[in-house]
2 protein chains.
Amino acid sequence: MTATVDAGGATGAPAAGGRQVVVQKYGGSSVATAEKIRAVAKKICDRRAAGADMVVTVSAMGDTTDDLIALARSVSGAGHVPDPREMDTLLSTGELVSAALMALAIRSLGYEVVSLSGPQAGIRTDNTHGAARISEVDTKRLSRELAAGRIVIVAGFQGLAETEDITTLGRGASDLTAVAIAAGLKADRCEIYTDVDGIYTADPRLVPEARKLAEIGYEEMLELASLGAKMNPRSIELGAVYSVPILVASTFDDKPGTLIHGDASMMEVRKAVTGIAVTRNVGKIMVPGIPDRPGVAADIFEPLAAAGINVDVIVQSASAGGKADISFTVADGDLDRALAITRQCKSCGGVAISGGRGYAKVSIVGTGMTNSPGYASRMFRALALARVNIDMITTSEIRITCIVDAGQVEAAARALHQAFELHEASPD
Amino acid sequence: MTATVDAGGATGAPAAGGRQVVVQKYGGSSVATAEKIRAVAKKICDRRAAGADMVVTVSAMGDTTDDLIALARSVSGAGHVPDPREMDTLLSTGELVSAALMALAIRSLGYEVVSLSGPQAGIRTDNTHGAARISEVDTKRLSRELAAGRIVIVAGFQGLAETEDITTLGRGASDLTAVAIAAGLKADRCEIYTDVDGIYTADPRLVPEARKLAEIGYEEMLELASLGAKMNPRSIELGAVYSVPILVASTFDDKPGTLIHGDASMMEVRKAVTGIAVTRNVGKIMVPGIPDRPGVAADIFEPLAAAGINVDVIVQSASAGGKADISFTVADGDLDRALAITRQCKSCGGVAISGGRGYAKVSIVGTGMTNSPGYASRMFRALALARVNIDMITTSEIRITCIVDAGQVEAAARALHQAFELHEASPD
């Protein structure tokens, strides 16, 4: 499959032994109005005319999903959590509307086309309403429609559970539909069209010299995605497992985007650090001097999980005299609740728990860092030179994250971008 | 089944040998806002609390269907007729939204409920997109959900074709979904809730003394429905075939509605004439002196059908010398096109074809007229006394229709209402 990967251009050569199969995805902002739908339809037809077999997944138009959620809250009344099964039926209609409208627009341009719901397209899921996981893509109908010469439009974000009920895959999961279909069809590649034109070495609003990456590996992209880049992390994972090359590009300009793929031969010569990710609105809680014995961490974090509070970074350092310090971060908005819950923790009797908001998280990401010492110290030195104080540190195989003062995160990102020479193109 | 028929009240006694099964339908104006959905949900729950097993079909909210049609036209561009298959997928979403919202509202009131799409509810149809006919109602899932104690909300107006594609049953066909499900489940009755509170002896806006009927037979209702009463004629037909008693009543008041049924024992003592129907905007075309031989009528009406023009009343009278006169009516808006097409008919060479708009149709309907002479003459006499000129006459087994001047139709309807004593209650 890698033989047909074409990192830059918008059209590729047909795969050896058959027609090229391309799966595309257009997000909600790309189909927000009738005019935009017609423009996207033109783009799809041009690609079809150039020789590709096309499957296209679409999201709901603009704010449709938010509007439907507001309606659901309104009929449910205050204090009632809307039933997840009914919410799935309700929300799945937004993508059906987009898919049918896109098919109508394509047909008016003279091309054969059919729209399919997620269930019709063979997307099978588990029964977890609101956040279903895809269990299988039955490609029979998709293959039949493609063989009949039709462009196939698939409503994203939805599937069919074993119970024969409609499920949705979670917010932003139309990407996932596209990648899953690409994997099922063994497509030559999956193209995610959105309102950004690719993946950058850092957020260009923070770091003006940020540079668009021509390519990035799945693992690095996964770290960046979970750190705030506009991609669904689950779709990157799925792409990695099935080796689906994923292009991220802008809907309405023709600049080359970023190709996410796993071709190691291309990666060897790449820089160790691929990009810098920033998350703001971080709240920090410190629990100093707690007993250093089994079960204490569970005592602290179980009540937070039960309350639905998402804990992000957790750092525990051994301290003297059989005591340990635990620090962790939560979203700013959850800080007060998290503090109150943590103070009631039975292992924390007599401990002076403190917390504060106004922090940010800055990370460097790159597979090249694995087994290469020195990146952490280089990062800390760069931050020190920029007079950025480091509050917490946590690392993974391919990522180093520092918690810093929110007011300093922009300076931190720029300093790191400079230190790791990300403004210069890769040597490949 | 007739033992459980309950013409007046809103709740009935459980059927002998089991729970009472009631199928209800709420139209688009009954679910147009979140507030109305909550009010209808309350009504459904109260009925459920009174002991009935409930299946409820709903239409799309307010103007949703019109809005979706406008969007489809907009993406298709001028001059393109939107593809019927894609239109069906698109339009079916309106009812899915209503069904899910209704289920959410009912759940917030503490009742077990599930919403089903037409396909999930087992509505199977032929492949005629835009106007599919129901071929079967597979009640397995419906019965399973009822047995589990759930209220079942079904998206009206839609089904699944043999091709596994979504079909719609035609505008206003949510009634049809309800009656078909009632037939499939052998429900005790089907209740159509709408913005009118029943079937009247005449349109109350035309005839102030018009009276609401407590009951009416299927055949009479079918004539009235096809003459403009706000009911889907196909649902009456289906009700007649499967003997489903159908109650038509207002959503938001508790007045008894009109029960449409076929219980002959109740009908024997009824008046011969049940009601008066009026249709306006009628255009008339006269084709005098055409050859009285086989094929001439086909020569005239085939081109009109091919042009999609709906011909309503057709009257042919034998004339002297092997010639015949044919007159027929079309909608006012179709008159000019119909005239042009008729003038090109090959059998009409040299015939002075004329036409005019500004007519109306007034009919008396009643099964009691069958085999009872004198109703036609009584009708004509009443019109004559009211100085209403009759332009065309056509009759069926249970209906007599006159084409009159549009300006006189109100006087005609009042005169007939008076002549047939419809303002007085039935003797039952």
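Quick notes on the rules
- Residues numbered from 1 in each chain as written.
- Chains lettered and ligands numbered in written order.
- Predicted model: local features only at pLDDT ≥ 70, side-chain atom pairs only at ≥ 80, totals over all residues.
- Helix = DSSP H or I, 4+ residues; strand = E, 2+ residues; numbered from the N terminus.
- Contact = placed C-beta atoms within 7 Å.
- Least-squares fit on C-alpha atoms with pLDDT ≥ 70 in both.
- Core = buried A, V, L, I, M, F, W, Y, C linked by C-beta atoms within 7 Å.
- Buried ≥ 20, exposed ≤ 12 C-beta atoms within 10 Å, placed from the backbone.
- Pairing = 2+ DSSP bridges.
- Axes fitted to C-alpha atoms, helices over the stretch in contact; angles between N-to-C directions.
- Nonpolar A, V, L, I, M, F, W, Y, C, P; charged D, E, K, R; others polar.
- Domains from an automatic or database assignment.
- Left-handed = near helix turned anticlockwise from the far one by under 90°.
- pLDDT = per-residue confidence, 0-100.
- Parallel < 35°, antiparallel > 145°, perpendicular 65-115°, else oblique.
- Expected span 1.5 Å × (residues − 1).

If you tally the helices and strands in chain A, you get 12 helices and 18 strands. Pairs at least 24 residues apart make up 75% of the contacts formed inside chain A by residues separated by at least 6 positions.

It is worth spelling out the relation of the copies chain B and chain A at this point. Overlaying chain B with chain A gives an RMSD of 0.3 Å, the required rotation being 179° about an axis along which the chain moves by 0.1 Å. Seen this way, the second copy is the image of the first under a two-fold rotation axis. When each C-alpha of chain B is compared by its distance to the rotation axis, T93 of chain B comes out closest, at 2.7 Å. A shared interface surface links the copies, since 100% of the contact residues of chain B are contact residues in chain A too.

L101 and M102 of chain B are the most contacted members of the largest nonpolar core, which has 124 residues in total. Broken down by element, the residue count for this core peaks at 10 residues, all from helix α3 (residues 84–108) of chain B. When near neighbours in sequence (up to four residues on either side) are disregarded, L101 of chain B contacts L71, A72, V75 and L90 of chain A together with I37 of chain B.

Residues and elements named next belong to chain B. Strand order in the open sheet formed by 8 strands is β3-β6-β2-β1-β9-β11-β12-β10, and the pairing between neighbours is mixed. The open sheet is flanked by β3 (113–116) and β10 (215–217), the only strands paired with a single partner. Between one strand and the next, the sheet's axes are offset by a mean angle of 20°, whatever the strand orientation. Alignment of β3 against strand β6 (residues 151–155), held across 4 bridges, turns out to be parallel. Note that in β6 the partner of V114 across the bridge is V152. Its contacts with the sheet place helix α1 (residues 34–49) against β1 (21–26), β2 (53–58) and β6, and it is angled at close to 160° to β2.

Before going further, it helps to examine the interface of chain B and chain A. Each partner contributes residues to the interface: chain B has 28 residues there, and chain A has 28 residues. Of all the secondary-structure elements, those providing two or more residues to the side of chain B that touches chain A are α1, α2 (64–76) and α3 of chain B. Among the elements that make up the side of chain B that touches chain A, the one with the highest residue count is α3 of chain B (13 residues). Residues of the side of chain B that touches chain A, tallied by class, amount to 14 nonpolar, 9 polar and 5 charged.

Residue and element names in this part refer to chain A. One open sheet accounts for 4 strands, arranged β5-β4-β7-β8; its pairing is mixed. Sheet topology places β5 (134–137) and β8 (166–168) at the edges, where each strand pairs with a single neighbour. Direction aside, neighbouring strands of the sheet carry axes that sit 45° apart on average. The pairing of strand β4 (residues 123–125) with β5 spans 3 bridges and is classified as antiparallel.

Residues and elements named next belong to chain A. Its identity is not glycine, yet N281 carries a phi of approximately 55°, on the positive side. Here N281 is to be found in strand β13 (residues 275–291). The class of N281 is partly exposed, set by 15 C-beta atoms lying within 10 Å.

With that settled, the discussion passes to the domain arrangement of chain A. When its domains are assigned, chain A resolves into domain 1 (18–195) and domain 2 (276–419). The C-alpha centroid of domain 2 of chain A is placed 38 Å from the C-alpha centroid of domain 1 of chain A.

Below, the discussion takes up the packing of helix α2 (residues 64–76) of chain A against α3 of chain B. Running from amino to carboxyl end, α2 of chain A crosses α3 of chain B at an angle of 35°, the nearest separation of the two axes being 8 Å. Where α2 of chain A crosses over α3 of chain B, the two elements pack in a sense that is right-handed. The residues of α3 of chain B that touch α2 of chain A, namely those facing L71, A72, V75 and S76 of chain A, are L101, L104, A105 and S108 of chain B. A per-class count over the contact of α2 of chain A with α3 of chain B returns 6 nonpolar, 2 polar and no charged.

A few words now on the environment of A60 of chain B. Residue and element names in this part refer to chain B. With respect to the helices, strands and loops of the structure, A60 is situated in the loop between β2 and α2. Overall, the presence of 27 C-beta atoms within 10 Å leaves A60 in the buried class. Sequence separation of A60 and V97 is 37 residues, and the distance between their C-alpha atoms is 7.2 Å. Contacts of A60, omitting those with residues within four sequence positions, involve G28, T65, G94, E95 and S98.

Residue and element names in this part refer to chain B. Along the chain, G355 falls in strand β16 (residues 354–365). Along the sequence, G355 and S327 sit 28 residues apart, while their C-alpha atoms lie 9.3 Å from each other. Excluding residues that lie within four positions of it along the chain, G355 makes contacts with G283, K284, I285, M286, L335 and L339.

Let us look at the environment of A307 of chain A. Residue and element names in this part refer to chain A. Checked against the element boundaries, A307 lands in the loop between α9 (296–306) and β14 (311–318). Residue A307 is classed as exposed on the basis of its 12 C-beta neighbours within 10 Å. Placed 34 residues apart in sequence, A307 and I341 show a C-alpha to C-alpha distance of 8.7 Å. A307 has contacts with R337 and I341, leaving out every residue within four places of it along the chain.

All names here are of chain A. Residues at a pLDDT of 70 or more form 90% of chain A, whose mean pLDDT is 85. Averaged pLDDT values for the elements of chain A fall to 44 in helix α8 (residues 264–267) and rise to 98 in strand β6 (residues 151–155). Segment residues 1–17: pLDDT under 50, and 30 contacts once partners within four positions in sequence are set aside and those in other chains are kept. Long-range and interchain partners of residues 264–269, a stretch whose pLDDT sits below 50, account for 6 contacts in this model, where long-range means more than four residues apart. Confidence metrics for the complex model read pTM 0.75 and ipTM 0.70.

A word on the packing of α1 of chain B against α3 of chain B. Residues and elements named next belong to chain B. At a minimum axis distance of 9 Å, the contact between α1 and α3 shows a crossing angle of 60°. Judged on the interaxial angle alone, α3 and α1 are oblique. Viewed along their axes, α1 and α3 form a crossing whose handedness is right-handed. On the side of α1, the interface is formed by I37, R38, V40, A41, I44 and C45, while α3 contributes L101, M102, A105 and I106.

Turning our eyes to something else, we now look at α3 of chain B. Within an α-helix, residues lying three or four positions from one another point in the same direction, as the helix has 3.6 residues per turn. Residue and element names in this part refer to chain B. Look at α3: 37 Å from first C-alpha to last across 25 residues, which is about the 36 Å you get at 1.5 Å a residue. Of all 25 residues in α3, 24 are buried, a share of seventy percent or more. Backbone geometry just after α3 places G110 at a positive phi near 90°.

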